[in-house]
Amino acid sequence: MRPVDEVARYLSPQRKVEIVQPPSGKEFDLSVVVPVEDLGELGGSPVADSGDGGGPAAERPSIWPHVEERITDLVQAHRSTIVFANSRRLAERLCNRLNEIAYERATGEALPEDHSPAELMAESGAAKGAPPVLARAHHGSVSKEQRAQVEEDLKAGRLPAVVATSSLELGIDMGAVDLVVQVESPPSVASGLQRVGRAGHQVGAVSTGVVFPKYRGDLVQAAVVTERMRTGSIESLRVPANPLDVLAQQLVAMVALDTWQVDDLLAVVRRAASFASLPESAFTAVLDMLAGRYPSDAFAELRPRVVWDRVAGTVTGRPGAQRLAVTSGGTIPDRGLFGVFLAGADPKKGGGRVGELDEEMVYESRIGDVFTLGTSSWRIEDITRDRVLVSPAPGVPGRLPFWKGDQLGRPLELGRALGAFLREVGALSPEDARVRLLAAGLDSWAADNVLSYLAEQREACGHIPDDRTIVVERFRDELGDWRVVVHSPFGAQVHAPWALALGARLTERYGMDAQVMHADDGIVLRLPDADLMGLDLLDQDPTEPAAEYDAEKAPIGAGDVAFDKGEVNQIVTDQVGGSALFASRFRECAARALLLPRRSPGKRTPLWQQRQRAAQLLEVASEYGSFPIVLEAVRECLQDVFDVPGLTELMGDIESRSVRLVEVTTPEPSPFARSLLFGYVAQFLYEGDSPLAERRAAALSLDSHLLAELLGQAELRELLDADVLAELEQELQWRTEDRRVKDSEGVADLLRLLGPLTEAELTERGAEPGWAAELASARRAIRVRIAGADHWAAIEDDRPPARRPRHGLAGGGSRSVHGAGQGPPRRPLGPLRPYAWPVHVRHRRRPLRSRRGGHGGRAATPRGERPCRTRRVPPRRHRPGVVRRRGPASAAPPLPGGPAA
């Protein structure tokens, strides 16, 4: 690990730690293998596929047949092998293909092709149903029982190979492993060391690993990663600082069973390395949120989780806090995966679990379909709301599963190393460069591919992007629009915030929504071919000389992609709130903070419904700039996902000229640009239309009441039953038997939801006389005087942001509680409206007046329109038979086809 000081601080942030780090060496035998002579001109499969009727072999220009055949050779030449892939989907596909090749080699005949309808395959591939004689899959979506069996088979020598993801990187004894194969470049040097270290996992043994890159850009990163693996140059460790969502979860768990002093809570929290520098203001904000500071009438899960007595300085858990912490705790985000179980097995007894499937995969499946999971075929017998019931279908061809997930991308440290490698190799002569590449562990074909890749890039652009050169390449696409590619090796963690800032700049300057895509190797922008720069001749003064418009000049250049290092941080912070990344991270943070709890721990919560609930919560939380989970989501985006300090440092290097910007216009994409464009097409091919359509639909808003009058439609209130409305109002007012108050916590909820109530009104709803006084002694309720009568009000309503009794009722609260110098608001009855709206079913458009509050009939809002603007109350009365007044006259609108009322 590196740096060691950070590891020591994480283990004990408040005590002195003595670091013991004796020198130790580890020998690696690493090689980067390219199984074809030229990755730029791929031929067909090394094994001929006979055409129909014994015709000529079908040519399939792909790297995969060559990689699969070579991996099969390596597996069969060793006793035990682990093959690592960077995704579960690739692991399943590769594992099935290895078994098919082994079967064809053993029997001398090919497996029959599967001809499933294309519309049912979607993102899945097809498996031919080969028996798992060579390899089995091992990843997080395979059940732990299946994974344990795979591990035992490999250690016992019954299974030659395992195809795994990161599930086998750490903490599992796999016995004696002869070889590790990595398909694609490892995502980081640390990950590559952990994976290759599975081979030769004994003292003094040599760890042997082979890396198979997919394309030429991947080949360059593979060369850099393997070279740094030999020297142990892993990436620096970074501990998350002050994660407020985890803090909220831990606070609920701590006070669920015991009463804590606030100072003791803060002291214990600061003993953890992640919270050693936690500001007291952030700690107080989280406690405020958990104690019910924010209005739960807008979002139910904002109701209090703890009781915070600010006078005594104690925090206690409310009823249900323990269950909430146990059933909804954890830090791994819930992806809404479907559990896969054997039909007829009882999951409650711990048996019959096969694994997990992505909900999109399940949505595209039907009963009777066959799919592979863990290199075994399964037939779907039933699909319920939270699980898929299957039966074994050995030897039957089926679909290959897929899962959706995110990767952080290349870290800045590895990006700088990759750029330095490109600069060093690019400066050497071809002969010296080839020797340098062979010394890095590349085989002969791999070295030749790197040299030809760099030569073609230099010929196309004149420059190779490296750690000191950023190339801005411009060319036209098939429609004649401009594509601008920013070639940079610094990784997606730097390029993602850079792309956000670029999109904001183009929108501000030219008023267009630029399509921007980032990747590990750069940024791609698409710009329409239009007079975006104010080049329209009609906008020019006829007395001035006409500006020359060069149709071959791109709208933006290298100067437009650079930012002042002092402003980039603020630009990214302003823009991140409107990104899709922020929405997904907010959902995960809210779930960790127990604001999106699981109703039942044994049942699945669909991911699409989680997104809807999170969007509701975000709509409420966005009104409060100090809402802790909004701040945490922004912190996670800026610190954990984005590398904003790295981007700021890069912009400073550009300003100081230690990194230069070079712009070039090419007739067609360069070799480096082709790899980026492939990802660009994949992103916008499926996702480009949907957000645009949603934005256009969101811009359309109608006054439904005005539209009904225009179309001559009848009032819908006439269809409602008055008795049902009366029954509903009794239920909303907590006057029914099933909603009667049972304890003092119920009184606290009653005051929070219905507002100030008299002793008689509390008794009417089931409260005993001493319960309200008990809350008052605990500083959770206060007495307020309204229209000459004493009422009980919740203490939360006397703190920002609500202050409802004091603000809505002329000077109603205790001065010692409210604080001095705080006058009434501009709309005194505005804060009281949320109490009336959820619990009454009769609303009028005319101003709500407070005779009870002693305001002399003063209107809460001009013309009573404020609740209609917020759309929390429809602009009409709900009770049938009530006449809507227009001016001084009172007449019901005539119904279509009937007489006037």
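Values in this document were obtained by computation on a predicted structure and should not be read as measured data.

A. The arrangement of the overall build of the protein in detail. A tally of helices and strands in the protein yields 32 helices and 25 strands. Within the protein, the proportion of its 901 residues that are buried is 47%. For the protein, the share of sequence-separated contacts (at least 6 apart) that also reach a separation of at least 24 residues comes to 70%. When the accessible area of the protein is evaluated, it comes to approximately 44,500 Å², of which 52% is carbon and sulfur surface.

B. The sheet that holds strand S5 (residues 161-164), seen in detail. Strand order across the open sheet formed by six strands is S1-S7-S6-S2-S5-S4, with parallel pairing between neighbours. Here the strands that pair on one side only, and so sit at the sheet edges, are strand S1 (28-32) and strand S4 (135-138). This sheet shows a mean twist of 20° between the axes of neighbouring strands, independent of strand direction. With four bridges connecting them, strand S6 (residues 179-183) and strand S7 (residues 207-212) associate as parallel partners. The partner of Gln182 across the bridge, within S7, is Val211.

C. Examining the environment of Asp443 more closely. With respect to the element layout, Asp443 can be found in the loop between helix H14 (430-439) and helix H15 (444-461). Between the C-alpha atoms of Asp443 and Pro35, which are 408 residues apart in sequence, the distance is 9.5 Å. Discounting residues that sit within four places of it in the chain, Asp443 has contacts with Val32, Val33, Val34 and Leu438. In this structure the side chain of Asp443 is engaged in a polar contact, spanning 2.8 Å, whose partner is the backbone nitrogen of Ala446.

D. Structural detail: helix H26 (residues 744-754). For H26, the buried fraction is high: 10 of the 11 residues fall into the buried class. Among all positions of H26, only Ser744, Glu745, Gly746, Val747, Ala748, Asp749, Leu750, Leu751, Arg752 and Leu754 are buried. The opening residue of H26, the one whose side-chain oxygen lies 3.3 Å from the backbone nitrogen of Glu745, is Asp743.

E. Fine view of the sheet that holds strand S10 (residues 314-317). Spatially, S8-S10-S9 is the arrangement adopted by the three strands of the open sheet, whose pairing is antiparallel. Taken across any chain shown, the strands that pair with only one partner, and hence form the sheet edges, are strand S8 (260-261) and strand S9 (306-309). Where S9 meets S10, four bridges bridge the pair, whose relative direction is antiparallel. Looking at S10, one finds that Trp308 is bridged to Val315. Helix H8 (residues 244-255) contacts S8, S9 and S10 of the sheet and is inclined by roughly 85° relative to S10.

F. Region of the structure containing the packing of helix H6 (residues 189-196) against helix H7 (residues 216-231). Packing of H6 against H7 leaves a shortest axis separation of 9 Å and a crossing angle of 70°. Classified by the angle between their axes, H6 and H7 sit roughly perpendicular to one another. The two elements H6 and H7 meet at a crossing, and its hand is right-handed. Seen from H6, the contacting residues are Val189, Gly192, Leu193 and Val196; seen from H7, they are Val225, Arg228 and Met229. Class assignment for the residues of the contact of H6 with H7 results in five nonpolar, one polar and one charged.

G. A look at the confidence of the model for the protein. On average, residues of the protein carry a pLDDT of 79, and 76% of them reach 70 or more. Taken as a whole, residues 842-876 scores under 50 in pLDDT and shows 76 contacts with residues more than four places along the chain or in a different chain.

H. Spatial organisation of the pattern of salt bridges. For the structure on display, the rule yields 41 salt bridges. Of the charged contacts in the structure, one is a salt bridge between Asp178 and Arg79, with a shortest N-O distance of 3.7 Å. Of this pair, Asp178 sits in the loop between S5 and S6 while Arg79 sits in the loop between helix H2 (64-77) and strand S2 (81-84), and the two are 99 residues apart along the sequence. Take Asp178: its relative accessible area is 27%, and that puts it in the partly exposed class. Glu636 is paired through a salt bridge with Arg585; the nearest N and O atoms lie 2.8 Å apart. Placement of Glu636 in helix H20 (residues 628-641) and of Arg585 in helix H18 (residues 580-592) is noted, with a sequence separation of 51 residues between them. Residues joined in a network through salt bridges with shared partners are Asp245, Arg585, Glu588, Arg592 and Glu636.

I. Fine view of the packing of aromatic side chains. Throughout the structure, instances matching the rule amount to four aromatic pairs. Ring centres of Tyr294 and Tyr624 lie 5.1 Å apart, and the angle between their planes is 65°; this geometry places the pair in the edge-to-face category. Taken together, the positions of Tyr294 in the loop between helix H10 (280-290) and S9 and Tyr624 in the loop between helix H19 (607-621) and H20 put the pair 330 residues apart, joining distant regions of the chain. Overall, Tyr294 belongs to the buried group, its relative accessible area being 2%. Members of the aromatic cluster, connected to one another through ring pairs, are Tyr294, Tyr624 and Phe627. The residue whose ring lies beneath Arg310 is Trp308, and the NZ or CZ to ring-centre distance is 4.1 Å. Over the ring of Phe338 we find Arg604, and its NZ or CZ is 3.6 Å from the ring centre.

J. Expanded view of unusual backbone geometry. A positive phi angle, close to 75°, is found at Glu184, a residue other than glycine. Within the secondary structure, Glu184 is located in the loop between S6 and H6. Here Glu184 falls in the buried class, since its relative accessible area comes to 13%. Positioned with a positive phi, Trp734 is a non-glycine residue whose angle comes to about 60°. Relative to the helices and strands, Trp734 is located in the loop between helix H25 (722-732) and H26. On the basis of relative accessible area, Trp734 is assigned to the buried category, the value being 14%.

Procedures and definitions
- Residues numbered from 1 in each chain as written.
- Predicted model: local features only at pLDDT ≥ 70, side-chain atom pairs only at ≥ 80, totals over all residues.
- Heavy atoms only, no water.
- Helix = DSSP H or I, 4+ residues; strand = E, 2+ residues; numbered from the N terminus.
- Buried < 20%, exposed > 50% of the residue type's maximum accessible area, 1.4 Å probe, protein only.
- Contact = heavy atoms within 4.5 Å.
- Areas by Shrake-Rupley, 256 points an atom, 1.4 Å probe, with all protein chains shown as cover.
- Pairing = 2+ DSSP bridges.
- Axes fitted to C-alpha atoms, helices over the stretch in contact; angles between N-to-C directions.
- Polar contact = N/O pair within 3.5 Å; in protein donor to acceptor, adjacent residues only side chain to side chain.
- Parallel < 35°, antiparallel > 145°, perpendicular 65-115°, else oblique.
- Left-handed = near helix turned anticlockwise from the far one by under 90°.
- Nonpolar A, V, L, I, M, F, W, Y, C, P; charged D, E, K, R; others polar.
- pLDDT = per-residue confidence, 0-100.
- Salt bridge = Lys/Arg side-chain N within 4 Å of Asp/Glu carboxyl O.
- Phe/Tyr/Trp six-rings, centres within 6.5 Å; stacked < 30°, edge-to-face > 60°.
- Lys NZ or Arg CZ within 6 Å of the ring centre and 35° of its normal.

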